[in-house]
Amino acid sequence: MQSGVRRWAVAVDVYARIRDDIVSGALGPGAPLVEVVTAQRYGVSRTPVREALRRLEQDGLVERGD
């Protein structure tokens, strides 16, 4: 159970960091957020990035590219 809590906490942290970078302009409009590159940027695996991007999309801060 503790690993699930840890995974959730990492996803929440990555969400907050990406959101802050979007709001501050460090990630400009239209900047691609590729999972692998974003995971490397924040020093995490792809899973919390994927979860954070999904939440950011729900919040209307990112759009999924086709």
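Details of the structure are given in the entry above.
Residues numbered from 1 in each chain as written. Predicted model: local features only at pLDDT ≥ 70, side-chain atom pairs only at ≥ 80, totals over all residues. Heavy atoms only, no water.

## Some remarks on the side chain of aspartate 21
Looking at the element boundaries, aspartate 21 is found in helix α1 (residues 2-24). Overall, the relative accessible area of 17% leaves aspartate 21 in the buried class. When residues no more than four places from it in sequence are discounted, the contact partners of aspartate 21 are Ala26, Leu27, Arg41 and Tyr42. (Helix = DSSP H or I, 4+ residues; strand = E, 2+ residues; numbered from the N terminus. Buried < 20%, exposed > 50% of the residue type's maximum accessible area, 1.4 Å probe, protein only. Contact = heavy atoms within 4.5 Å.)

## Looking at the pattern of salt bridges
In total, this model carries 5 salt bridges according to the counting rule given. As a salt-bridge pair, glutamate 57 and arginine 64 come within 3.6 Å of each other at their nearest N and O atoms. The exposure class assigned to glutamate 57 is partly exposed, which follows from its relative accessible area of 31%. Residue classification places arginine 64 among the exposed positions, given a relative accessible area of 62%. Connected through shared salt-bridge partners, Glu35, Arg46 and Arg50 make up one network. (Salt bridge = Lys/Arg side-chain N within 4 Å of Asp/Glu carboxyl O.)

## What about the layout of surface pockets?
Size it by volume and the largest pocket reaches roughly 420 Å³. Considering the residues around the largest pocket, the lining is formed by 18 residues, among which Leu33, Leu53, Val62, Glu63 and Arg64 are closest to the centre. With 4 residues, helix α3 (residues 46-58) is the largest single contributor of residues to the lining of the largest pocket. Per-class residue counts for the lining of the largest pocket are 9 nonpolar, 3 polar and 6 charged. (1 Å grid on protein atoms, 1.4 Å probe; cavity = no way out; pocket = protein on both sides within 12 Å on 5 of 7 lines; lining within 4 Å. Points joined across faces, edges and corners; volume = space filled by probe spheres on them. Nonpolar A, V, L, I, M, F, W, Y, C, P; charged D, E, K, R; others polar.)

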